[in-house]
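The lines below spell out each chain.
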Amino acid sequence: MLLPTVLYFLIFEYKPMYGAIIAFKNFNPYLGITDSPWVGFKNFEKFFESYYFLRLLKNTFLMSFYSLIFIFPASLAFALLLNELRLKKLKSFLQTVSYLPHFISLIVICGMIIDFTKPGGIINSLLLGIGLISEPIQFLILPEWFRTIYVGSGMWQSLGWNSIIYLAALSGINPSLYEAAVVDGAGRWKQLTNITLPGILPTVLILLILNVGTLLNVGWDKIILLYNPGTYVTADVISTFVYRRGVMEANYSFSAAVGLFNSVINFTLLVLANRISRKTTESSLW
Amino acid sequence: MNVAKRKLVLLLPILLSLVTLVSACGSSNTNTGNTADPTAEVQKATQAPTKEGKTIGGLQLPIVSDKLELSLWSPSGGNFRGTNFNEKLSFKQMEENTNIHIDFQHSTEASAEAFSLLMSSGKLPDIIYNDLWGTDSGKYGTQGALLPLEDLIEKNAPNFKKILVDNPDIRGQITSPEGHIFYLPNLVLDSQDLTQMFPQVRKDWIDKLGLNMPETTEDWYNMLKAFREQDANGNGKKDEIPLVTVNLENIMMLFAPAFGVDYGFFVDNGQVKYGPNDPKFKDVVTYLHRLYDEQLLDPNYLVDTTFQTLTEKVTTDVAGAWFGWSGSYMGNFTTLMEGKHPTFKIAPAIPPKGPNGDQRHVSFRWQAAAHGLAVSSRTEHPEEVMKWLDYQYSEEGILLNNFGVEGKSYDLVNGEPIYKKEVTHPTNGLTNTQELLNHTIGGGSWATVADTRYAEQIREANGQTENPLELYSDYIDFDSKLPPVQFTTEENDVVVPLMADIQTYVAETINAMIMGRQKIEDYDKVMKQLEKMGINDVLKEYQVAHERFKGK
């Protein structure tokens, strides 16, 4: 029974990796991967020498980091709050509503974001209404707002969906533990800190490690749909740069090099996070 | 436009149709003098076809005696009606005339991506269509994907060769730095048809406010200001957006030449320059900042980048001026507002004159377009492919591609092809351009010669009696626009990475200055920064490429 799985990984996951060597070549489709001339680290050097390299790195890191520290705990908190709800109907209603954005196409999401953030849009009207601002803000052309919009909309998109796995973990906690706690006189807060949280901690940590492992993979499609030259300062990330440089100009070797660079960093972070987790707690990926 | 030019323009179609008549009637003896020797050789070399043969400008028909199938890749795009190009009557007729069947392979995805995929797959059809052969053909040609066509043209393409001889500028426009021709382009041979986008303003607003059509940049400022402050649409609200656009480039094409520069590369006395790297560019930014600051330029121009949002602004009667195409902008808006607005009228404005007297129209194409057909190196029938391509440039092919099949979509009236009424005024719910595409590929988007009579008749059918494009031919300066230069691989390695960063920097900085987030007084710093980023190295390569181009 193991064979199909092994075959799957060999054919679809490992064999394509061979193609990654075009990052070290001057790839020409008419010569093929093997016959294209080697160029060593030239493609990597071109990337590192780019005027915007440091800014790209910083933007990529910040955007992912903010997503991680805001969206990750928010999903957990949302799951915990849902879990505390006693009204079953309200609970499932809230759950369904929070899932919905996950199923909307990204193009539509971005259209909605653009509409919401317009000078006459819902966000500006709201802020004007409660008197926080006196003049509408052009959110999408001001670089200082880009990360907030990116992370904020990301939270709206994925909060509900991400909480599912916690809800599953929560339902796996033995109910007799709670009964025992109640008998011992523990309130809801004590139950939360002493039973619920320790109960789902392994899940949380595993998810955290996995998230760290993809830290630098920011959603480039959303950024491309939302950014403009006015917000490049904070919005331009490695993947949008690769899109503009590599894909638009069919410069595959260069994009492969940047992609490889991205993966190496991700891999390093994953190993680090796993090691830290294994040292400090008992859960780890391996 | 002066009288002599107008006469020439009138004369051209007559001349063309005369040639058409001659070549259509003559059966074997159509060497009209220009293509003497090589044609005769070709005729000797090709075997006598079994079907009733004829020659078109030296090309012998049918091209093959036994039916041959060639494959052609093309994104479907807007010229796609039915399931396959072979459903267009013009291509059916073409198959009958040439005895070559084309197996059209259409992509359904976005064309640029589909094209990249096709080219990197290595499995190529005989003939490939692309929008960007002007810059791509050299690259793919050097990689070995495309066939160099010079010898084939010499031996097998009498019609195309004649065009090259009669229009000596074209050869340079399609030759790669290594000296090869890798694609056959769409051609426009009349100068009045070269204009592309142009400034358009609400004539009814101008009349209502008692203004004149703007002639200088100050006129433009005053007009836009009046639009905003004097309630041009008369709804009592200050909701006018005087100048709308889908991108900064269009606004730059409108105003930068008035200050003696371009937004990108341009030529000044034979010297290639980069607009943002020119001290004069500060004046452009200052001017645009003034427009933006007083809300004369759409404050949303960075976000509202789709044609849809622009159309909305125009059709809700808040937009005053823009820079756009004749048909898709001016024609569309006029049709959309018909019956919905009592006075709606758009008029073309001449390119504005700047404070130092600079006045130039920059949005025009070259005779040879960047789009066209290339021959893949994998083809097994290079000669037949070349002959079939040459047929697209024969009088018969030009008529088929532009007008369709005689008697079905057009009639010859006194030797002039005139569209049937069913085409110019279709009753089947299609626009006339769409209906025409049932019959032909449309001469402007194919490797053929775009016939000026096509646009003329559609324009008249749409109720536009004057050609707005004629207004601009006097302001077109061929010497100051950078021609479609091509780079060698080595030059490309210098230019591409440097320009990627420079363009990002320029777009960021210029927009920030227009929006007032960065000080314009510091423009020297921008130029210093561009120098640091290697603009001089880029300009050096451009200069070399330009001189090579001129030398051709």
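If you're wondering where the values come from, they're calculated on a predicted model, not measured in any experiment.

Rules behind the numbers
- Residues numbered from 1 in each chain as written.
- Chains lettered and ligands numbered in written order.
- Predicted model: local features only at pLDDT ≥ 70, side-chain atom pairs only at ≥ 80, totals over all residues.
- Heavy atoms only, no water.
- Helix = DSSP H or I, 4+ residues; strand = E, 2+ residues; numbered from the N terminus.
- Buried < 20%, exposed > 50% of the residue type's maximum accessible area, 1.4 Å probe, protein only.
- Contact = heavy atoms within 4.5 Å.
- Areas by Shrake-Rupley, 256 points an atom, 1.4 Å probe, with all protein chains shown as cover.
- Buried area = accessible area lost by both parts, 1.4 Å probe.
- Salt bridge = Lys/Arg side-chain N within 4 Å of Asp/Glu carboxyl O.
- Polar contact = N/O pair within 3.5 Å; in protein donor to acceptor, adjacent residues only side chain to side chain.
- Pairing = 2+ DSSP bridges.
- Axes fitted to C-alpha atoms, helices over the stretch in contact; angles between N-to-C directions.
- Core = buried A, V, L, I, M, F, W, Y, C linked by side-chain atoms within 4.5 Å.
- Patch = residues over 30% accessible without salt bridge, like charges linked within 9 Å, V, L, I, M, F, W, Y side chains within 5 Å.
- Parallel < 35°, antiparallel > 145°, perpendicular 65-115°, else oblique.
- Left-handed = near helix turned anticlockwise from the far one by under 90°.
- Nonpolar A, V, L, I, M, F, W, Y, C, P; charged D, E, K, R; others polar.
- Phe/Tyr/Trp six-rings, centres within 6.5 Å; stacked < 30°, edge-to-face > 60°.
- Lys NZ or Arg CZ within 6 Å of the ring centre and 35° of its normal.
- pLDDT = per-residue confidence, 0-100.

**Concerning the overall build of chain A**
Here comes step 1: Across its full length, chain A holds 14 helices and 0 strands.
Here comes step 2: Counting helices and strands in the order they occur from the N terminus, chain A gives α-α-α-α-α-α-α-α-α-α-α-α-α-α.
Here comes step 3: Taken along the three principal axes of its C-alpha coordinates, chain A extends 75 × 60 × 30 Å.
Here comes step 4: Across the 286 residues in chain A, those meeting the buried criterion constitute 42%.
Here comes step 5: Pairs at least 24 apart in sequence give 64% of the contacts found in chain A among residues at least 6 apart.

**Thoughts on the overall build of chain B**
Here comes step 1: The number of helices and strands found in chain B is 22 helices and 15 strands.
Here comes step 2: Taking the intrachain contacts of chain B between residues at least 6 apart in sequence as the baseline, contacts between residues at least 24 apart amount to 75%.
Here comes step 3: Just so you have it, chain B exposes about 23700 Å², and 50% of that area is on carbon and sulfur atoms.

**As for the interface of chain A and chain B**
Here comes step 1: Across the boundary between the two partners, chain A contributes 30 residues, which contact 30 residues of chain B.
Here comes step 2: Of the roughly 2400 Å² buried at the junction of chain A and chain B (both faces included), carbon and sulfur atoms supply 54%.
Here comes step 3: For chain A, the biggest contributors to the area lost against chain B are Tyr30, Tyr52 and Ile141 of chain A; these three give 28% of the whole.
Here comes step 4: The tally of links from chain A across to chain B stands at 2 salt bridges.
Here comes step 5: Notably, a salt bridge pairs arginine 517 of chain B with glutamate 144 of chain A, separated by 2.9 Å at the nearest N-O pair.
Here comes step 6: The interface formed by chain A and chain B contains 8 residue pairs in polar contact (both at pLDDT 80 or more).

**Quick notes on helix 19 (residues 452-461) of chain B**
Here comes step 1: Where helix 19 of chain B is concerned, the buried positions are Thr452, Arg453, Gln457, Ile458 and Arg459 of chain B.
Here comes step 2: At the C-terminal side of helix 19 of chain B, glycine 463 of chain B shows a positive phi close to 85 degrees.

**Some points on the sheet that holds strand 11 (residues 319-324) of chain B**
All names here are of chain B.
Here comes step 1: Judged by pairing direction, the sheet is mixed, and its 4 strands sit side by side in the order 8-11-7-12 without closing on themselves. Each edge of the sheet is formed by a strand with only one pairing partner; in this case those strands are strand 8 (241-243) and strand 12 (346-348). The sheet shows a mean angle of 25 degrees between the axes of neighbouring strands, taken without regard to direction.
Here comes step 2: Pairing geometry for strand 7 (residues 198-202) and strand 12, over 3 bridges, is antiparallel. Bridge assignment links arginine 202 to a residue of strand 12, and that residue is isoleucine 346.
Here comes step 3: Against the sheet, helix 10 (residues 217-229) touches strand 7, strand 8 and strand 11, its axis set at about 165 degrees to strand 8.

**A look at the nonpolar core**
Residues and elements named next belong to chain B.
Here comes step 1: Among the nonpolar cores identified, the biggest contains 121 residues, and Trp220, Leu243, Leu291 and Ile510 are the most heavily contacted of them.
Here comes step 2: Of all the elements, helix 20 (residues 489-514) adds the most residues to this core, at 9 residues.
Here comes step 3: If near-sequence neighbours (up to four positions away) are discounted, leucine 291 is found in contact with Tyr221, Leu224, Leu243, Phe255, Leu296 and Leu297.
Here comes step 4: Counting 60 residues, the second largest nonpolar core, distinct from the first, contains Leu68, Tyr129, Leu152 and Ala447.

**Some words on the pattern of salt bridges**
Residue and element names in this part refer to chain B.
Here comes step 1: Under the criterion given, the structure shown has 23 salt bridges over all chains.
Here comes step 2: One salt bridge in this structure joins lysine 161 and glutamate 154, with 3.0 Å as the shortest N-O distance.
Here comes step 3: Bridged by salt links that share partners, the residues Arg202, Asp204 and Asp317 form one connected network.

**Let's talk about the environment of asparagine 235 of chain B**
Here comes step 1: Tracing the chain through its elements places asparagine 235 of chain B in the loop between helix 10 and strand 8.
Here comes step 2: Residues asparagine 235 of chain B and aspartate 317 of chain B, spaced 82 residues apart in sequence, show a C-alpha to C-alpha distance of 9.7 Å.

**Some words on the sheet that holds strand 3 (residues 68-75) of chain B**
All names here are of chain B.
Here comes step 1: The mixed open sheet is built from 5 strands, whose spatial order is 4-3-5-13-6. Two strands in the sheet have a free side with no partner beyond their single neighbour: strand 4 (100-107) and strand 6 (183-187). The mean inter-strand angle of the sheet, taken between neighbouring strand axes irrespective of direction, is 25 degrees.
Here comes step 2: Two strands pair when backbone bridges link them, and strand 5 (residues 127-130) and strand 13 (residues 368-375) are joined in this way by 4 bridges, in the antiparallel orientation. Each residue of the ladder has a partner; that of asparagine 130, found in strand 13, is glycine 372.

**Focus on a nonpolar patch on the surface**
Residues and elements named next belong to chain A.
Here comes step 1: Taken together, Leu2, Leu3, Val6, Leu7, Tyr8, Phe9, Leu10, Ile11, Phe12, Tyr14 and Met17 make up a surface patch of nonpolar side chains, about 1200 Å² in accessible area.
Here comes step 2: If you trace the backbone, valine 6 turns up in helix 1 (residues 2-14).
Here comes step 3: Looking at valine 6, the relative accessible area reads 37%, which means it is partly exposed.

**Remarks on the packing of helix 9 (residues 175-183) of chain A against helix 10 (residues 188-213) of chain A**
All names here are of chain A.
Here comes step 1: With their axes 11 Å apart at the nearest point, helix 9 and helix 10 run at an angle of 150 degrees to one another. The angle between the axes of helix 9 and helix 10 places the two elements in the roughly antiparallel class. For the element pair helix 9 and helix 10, the recorded crossing hand is right-handed. Contact with helix 9, carried on its side by Leu177, Tyr178, Ala181 and Val182, involves Gln191, Ile195 and Thr196 of helix 10 and no other residues of that element.
Here comes step 2: Along the lines of polarity and charge, the residues of the contact of helix 9 with helix 10 split into 5 nonpolar, 2 polar and no charged.

**What to know about the packing of aromatic side chains**
Here comes step 1: In total, this model carries 56 aromatic pairs over all chains according to the counting rule given.
Here comes step 2: Pairwise contacts between aromatic rings join Phe47, Phe48, Phe53, Phe241, Phe254 and Phe261 of chain A into one cluster.
Here comes step 3: Residue placement shows arginine 290 of chain B over the ring face of tyrosine 221 of chain B; its charged tip is 3.9 Å from the ring centre.
Here comes step 4: Looking at lysine 481 of chain B, its charged tip hangs above the ring of phenylalanine 364 of chain B, at a distance of 4.3 Å from the centre.

**Topic: the packing of helix 20 of chain B against helix 21 (residues 523-532) of chain B**
All names here are of chain B.
Here comes step 1: One can describe the packing of helix 20 onto helix 21 by two numbers: an axis separation of 11 Å at closest approach and a directional angle of 175 degrees. Judged on the interaxial angle alone, helix 21 and helix 20 are roughly antiparallel. Facing helix 20, whose interface residues are Ile502, Tyr505, Val506, Thr509, Ile510 and Met513, helix 21 presents Tyr523, Lys525, Val526, Gln529 and Leu530.
Here comes step 2: When grouped by side-chain class, the residues that make up the contact of helix 20 with helix 21 number 8 nonpolar, 2 polar and 1 charged.

**Quick word on unusual backbone geometry**
Residues and elements named next belong to chain B.
Here comes step 1: Cis geometry marks the peptide bond from leucine 61 to proline 62, where omega comes out at -10 degrees.
Here comes step 2: Despite not being glycine, aspartate 231 shows a phi value in the positive range, around 50 degrees.
Here comes step 3: Counting through the fold element by element, aspartate 231 comes out in the loop between helix 10 and strand 8.
Here comes step 4: The partly exposed category is assigned to aspartate 231, whose relative accessible area is 22%.
Here comes step 5: Of note, asparagine 414 is a non-glycine position whose phi angle comes to about 50 degrees, a positive value.
Here comes step 6: Relative to the helices and strands, asparagine 414 resides in the loop between strand 14 (410-413) and strand 15 (416-419).

**Some words on the confidence of the model for chain A**
Here comes step 1: Residues at a pLDDT of 70 or more form 99% of chain A, whose mean pLDDT is 87.
Here comes step 2: Averaged pLDDT values for the elements of chain A fall to 79 in helix 13 (residues 238-247) of chain A and rise to 91 in helix 7 (residues 122-129) of chain A.

**Some words on the environment of threonine 504 of chain B**
Here comes step 1: Along the chain, threonine 504 of chain B falls in helix 20.
Here comes step 2: When the C-alpha positions of threonine 504 of chain B and phenylalanine 255 of chain B are compared, they lie 21 Å apart, and in sequence the two are 249 residues distant.

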